[in-house]
Structure formats: C-alpha cells, structure tokens
Amino acid sequence: MEVMQLSYEGKFNKTKLGVEADAYTAIATIDKLSEYFDKGHISETNYRRQLRACLNEIYIVRDGYEGLGFDFNDFIKNELIDVKFPRGMSKLEMLEGLPANETIKEKSQTDAELGTKTADFVAATIEIMDLTKMKSVAVMKFLISLLDEIIPILEEFPKFGSGYWSLVQAEEWRTKLLKENPEDLMNERECDQLSLDASRWLADFRRNLKEL
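Residues numbered from 1 in each chain as written. Predicted model: local features only at pLDDT ≥ 70, side-chain atom pairs only at ≥ 80, totals over all residues. Heavy atoms only, no water.

### Here's the deal with the nonpolar core
Argument step 1. Counting 59 residues, the largest nonpolar core has Ile128, Met186 and Trp201 as the members making the most contacts within it.
Argument step 2. Elements with a contribution of two residues or more to this core: α1 (16-38), α2 (44-67), α3 (72-78), α5 (86-92), α7 (114-134), α8 (140-156), α9 (165-178) and α10 (188-209).
Argument step 3. If near-sequence neighbours (up to four positions away) are discounted, Trp201 is found in contact with Phe121, Ile128, Leu147, Ile150, Trp165, Ser166, Gln169, Ala170, Trp173 and Leu194. (Core = buried A, V, L, I, M, F, W, Y, C linked by side-chain atoms within 4.5 Å. Buried < 20%, exposed > 50% of the residue type's maximum accessible area, 1.4 Å probe, protein only. Helix = DSSP H or I, 4+ residues; strand = E, 2+ residues; numbered from the N terminus. Contact = heavy atoms within 4.5 Å.)

Written out as structure tokens, the structure reads:
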C-alpha cells in the first residue's frame, strides 16, 4: 500500500461533504491497514507510518467537522462506519473522549503542539497494543522505538511529568527491553503484560486530558 497523503491546511474552508470524504478515506485506510497487518502483508515500519498519518488526519478532521457545526458521531452512525470498517472503527474508538485539537491549544497557549502530541501518544500506544497482540511481530527494537516516543510526551505533558505512574512504567519497560537483543521477539507473557499496561496508559491519558 502507498502511504496516504492527506493535507488538511485550511480545513475550515472545506465543505461538509469534503470533510466527510477525508474522514471516510482515513477510516477506510486504517481498516485496510489493520487487515493487512494482521495477515502479515505489510511491514511494521510501513504500518506504523501509515497508521500514524491516518490517526493524525482523523484527529484534525474531527476538529474541522465540528468546527463547521456538525456532529462527528452522527456522521459515523449515518455512514455505518462500524459495519463497513470494523477494524478502522476499533482504532477510531481510542480517540473518543479526547478534546478537539483547537480546544487543547486554547487551554494551553504555552504549547501549541499539544494537539499533535496527543495524536502521537494515542498512535504510539495503539501500535504497542497491536504489536503485542500479534506477538509474532513484537520485536524488541520496534517496541523500544515506540517507548522512546511515549516517554518524552509524558515527561512534557501537563499533569504528568517525573514520577507519574505511567511514565515510571514506560521507563521501566524501556530499561528492561534495552537489555535484550533488539532483534528478539518479546515472549507471550510479557506481550500480554505490556499490552495491558499500554491500554491503561491510554485510558489514563484520555481521562487526564479531559481535565486540562
């Protein structure tokens, strides 16, 4: 699959139909990506790059759609997204409850990139859960790379920082994995534990973000 390139600069200048088309394309692409990844038809690197692009796009698209005065959840329901794209919808549900990109920027003028960091954190934790669920692709170097992305976000994000429990756990995992051969696979027991931890990090991140 080719990497999906969507540009959303000037999103509020788009029509309702244009925004819906972008959202539909992004969700459909995630659905297909997930199917290919589950079947081993796409590399982890390609999967990561395209998933990240799509999740960031959806995060911005939702913001733009609601900025036009429409309900994004109504669009999802009316277009039967959960029926047409169940894998894509499962990823989309992990963005539910996150405030809009513009809302984050308004609440924290000191960091105009919080919206992007939010999408990056969500994408990275989803990737960890996907890799550990598959197990056969849970390579140490890939997981370390994802933890390398998550840790700085937790260090710099409001309400988290040094000593916060999810940051401590992520750092402990990184230290542990760095002692292993980077080409080795994580064992099944550790895959299950890291997947559980990542899901808890994401749930806590969403809960804290809504309170900013």
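### Describing the packing of aromatic side chains
Argument step 1. Going through the model one piece at a time under the given rule, you end up with twelve aromatic pairs.
Argument step 2. A ring pair is formed by Phe160 and Tyr164, whose centres lie 4.9 Å apart and whose planes are at 80°; its orientation type is edge-to-face. Comparing Phe160 with Tyr164, the two get one shared label, buried.
Argument step 3. Members of the aromatic cluster, joined through ring pairs, are Phe121, Phe157, Phe160, Tyr164, Trp165 and Phe205.
Argument step 4. Sitting above the plane of the Phe70 ring, Lys16 keeps its charged end 5.2 Å from the centroid. (Phe/Tyr/Trp six-rings, centres within 6.5 Å; stacked < 30°, edge-to-face > 60°. Lys NZ or Arg CZ within 6 Å of the ring centre and 35° of its normal.)

### Examining the packing of α1 against α2
Argument step 1. As a packed pair, α1 and α2 sit with axes 9 Å apart at the nearest point and diverge in direction by 155°. Judged on the interaxial angle alone, α2 and α1 are roughly antiparallel. Considering how the two elements wind past one another, α1 and α2 form a crossing that is left-handed. Side by side, α1 and α2 meet where Lys16, Val19, Glu20, Asp22, Ala23, Ala26, Ile27, Thr29, Ile30, Leu33, Ser34 and Phe37 of the first sit next to Glu44, Tyr47, Gln50, Leu51, Cys54, Leu55, Glu57, Ile58, Val61 and Tyr65 of the second.
Argument step 2. Partitioned by chemical class, the residues of the contact of α1 with α2 number 14 nonpolar, three polar and five charged. (Axes fitted to C-alpha atoms, helices over the stretch in contact; angles between N-to-C directions. Parallel < 35°, antiparallel > 145°, perpendicular 65-115°, else oblique. Left-handed = near helix turned anticlockwise from the far one by under 90°. Nonpolar A, V, L, I, M, F, W, Y, C, P; charged D, E, K, R; others polar.)

### Here's the deal with α2
Argument step 1. The end-to-end C-alpha distance of α2 is 34 Å, a good match for the 34 Å that 24 residues give at a rise of 1.5 Å each.
Argument step 2. With 18 of 24 residues buried, α2 lies mostly within the body of the structure.
Argument step 3. Where α2 ends, the next residue or the one after it, Gly69, has phi of about 95°, a positive value. (Expected span 1.5 Å × (residues − 1).)

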